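One-letter residues, chain by chain:
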Amino acid sequence: MPFVELDTNLPADRVPAGLEKRLCAATAAILGKPVERVNVTVRPGLAMAVNGSTEPCAQLLVSSIGVVGTAEENRSHSARFFDALTKELALDQDRIIIRFFPLEPWQIGKKGTVMTFL
């Protein structure tokens, strides 16, 4: 069950319409998870700085069970997420940061329990 959070200082009118749906599909393809399990949040218009600059930028947080736990996995995921984000947001790679967080099933609550028991 991947969770993807995109924070950006781009104003809402510069974030392409439907980005959350396309990012959902891209995440499913990149991480090899069903799209029905992917959760995406897009937060535009934030006060942000990347590399000490407040020029247009974005930060992507990717959390998931079992697929973001190694440098090798994340190198591949990073390349594919950067490709998608640079195209969607019209930002250079040096204006985007990606953070990967591996999750355990007991860290995600769903249906009144945790994923460990579902």
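Shown above is the structure to which this text applies.
Figured I'd write up the structure that's included with this text. (Residues numbered from 1 in each chain as written. Predicted model: local features only at pLDDT ≥ 70, side-chain atom pairs only at ≥ 80, totals over all residues. Heavy atoms only, no water.)

**A few points about the sheet that holds strand β3 (residues 58-65)**
- Spatial ordering of the open sheet is given by β2-β1-β3-β4, a layout of four strands whose pairing is mixed. This sheet does not close on itself; its edge strands, each paired only once, are β2 (39-43) and β4 (96-103). Recorded for the sheet is a direction-independent mean angle of 10 degrees between the axes of neighbouring strands.
- With six bridges connecting them, strand β1 (residues 3-8) and β3 associate as antiparallel partners. Within β3, the residue paired with D7 across the bridge is Q59. (Pairing = 2+ DSSP bridges. Helix = DSSP H or I, 4+ residues; strand = E, 2+ residues; numbered from the N terminus. Axes fitted to C-alpha atoms, helices over the stretch in contact; angles between N-to-C directions.)

**Here's the deal with the packing of helix α1 (residues 19-31) against helix α2 (residues 71-89)**
- At their nearest, the axes of α1 and α2 sit 10 Å apart, and the two run at 160 degrees to each other. On the basis of the axis angle, α1 is roughly antiparallel to α2. Between α1 and α2 lies a crossing whose hand is right-handed. Each of L19, R22, L23, T27, A29, I30 and L31 in α1 lies in contact with α2, whose residues at this interface are H77, R80, F81, E88 and L89.
- A breakdown of the residues in the contact of α1 with α2 according to their chemical character gives seven nonpolar, two polar and three charged. (Parallel < 35°, antiparallel > 145°, perpendicular 65-115°, else oblique. Left-handed = near helix turned anticlockwise from the far one by under 90°. Contact = heavy atoms within 4.5 Å. Nonpolar A, V, L, I, M, F, W, Y, C, P; charged D, E, K, R; others polar.)

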